[in-house]
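So you can see what is in the structure, the chains are spelled out below.
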Amino acid sequence: MSSVNDALENARFTYEQHMRTCRQCHADAAPCAVAKHLLRLYNLARRDRMRAAGPNTPTA
Ligand SMILES: [Zn+2]
């Protein structure tokens, strides 16, 4: 039930942790190949959640 959310949280956590710890991202002031890959996974997970949520999902 919350597996989509977990995937999103996991992807975001992995990406944020990379941005905190990656020397290359800091040295270049631009995302390295790994960062781009992780960001892509994060965007995909976010899109999946949007689709899973849909217009009919009760929010309250
Ligand atoms: Zn990096």
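Everything here concerns the structure above.
Residues numbered from 1 in each chain as written. Predicted model: local features only at pLDDT ≥ 70, side-chain atom pairs only at ≥ 80, totals over all residues.

A. Layout of the nonpolar core. Residues Leu-8, Ala-11, Tyr-15, Leu-38, Tyr-42 and Ala-45 constitute the largest nonpolar core, which totals 6 residues. Listed by contribution, the elements that provide at least two residues to this core are α1 (3–21) and α3 (33–53). (Core = buried A, V, L, I, M, F, W, Y, C linked by C-beta atoms within 7 Å. Buried ≥ 20, exposed ≤ 12 C-beta atoms within 10 Å, placed from the backbone. Helix = DSSP H or I, 4+ residues; strand = E, 2+ residues; numbered from the N terminus.)

B. Broad picture of α3. Compared with the 30 Å implied by 1.5 Å per residue over 21 residues, the 30 Å span of α3 between its first and last C-alpha is a close match. Among the residues of α3, those classed as buried are Leu-38, Tyr-42 and Ala-45. Viewed along the axis of α3, the buried residues span an arc of 65°, placing them on a single side of the element. Projecting away from the buried face of α3 at angles above 90 degrees are the exposed residues Ala-33, Arg-40, Asn-43, Arg-47, Met-50 and Arg-51. Looking one or two residues beyond α3, the residue adopting positive phi is Gly-54, at roughly 60°. (Expected span 1.5 Å × (residues − 1). Arc of directions from axis to C-beta.)

C. Looking closely at the packing of α1 against α3. Where α1 meets α3, the closest approach of the two axes is 9 Å, and the angle between their N-to-C directions is 155°. It follows from the interaxial angle that α1 and α3 lie roughly antiparallel. In the crossing of α1 with α3, the sense of the turn from one axis to the other is left-handed. Every residue of α3 that contacts α1 at Val-4, Asn-5, Ala-7, Leu-8, Ala-11, Arg-12, Thr-14, Tyr-15, His-18 and Met-19 is listed here: Val-34, Ala-35, Leu-38, Leu-39, Leu-41, Tyr-42, Ala-45, Arg-46, Asp-48, Arg-49 and Ala-52. (Axes fitted to C-alpha atoms, helices over the stretch in contact; angles between N-to-C directions. Parallel < 35°, antiparallel > 145°, perpendicular 65-115°, else oblique. Left-handed = near helix turned anticlockwise from the far one by under 90°. Contact = placed C-beta atoms within 7 Å.)

D. Up close: the environment of Glu-9. Structurally, the position occupied by Glu-9 is in helix α1. Each C-alpha atom, one on Glu-9 and one on Tyr-42, is 8.5 Å from the other, the two residues being 33 residues apart in sequence.

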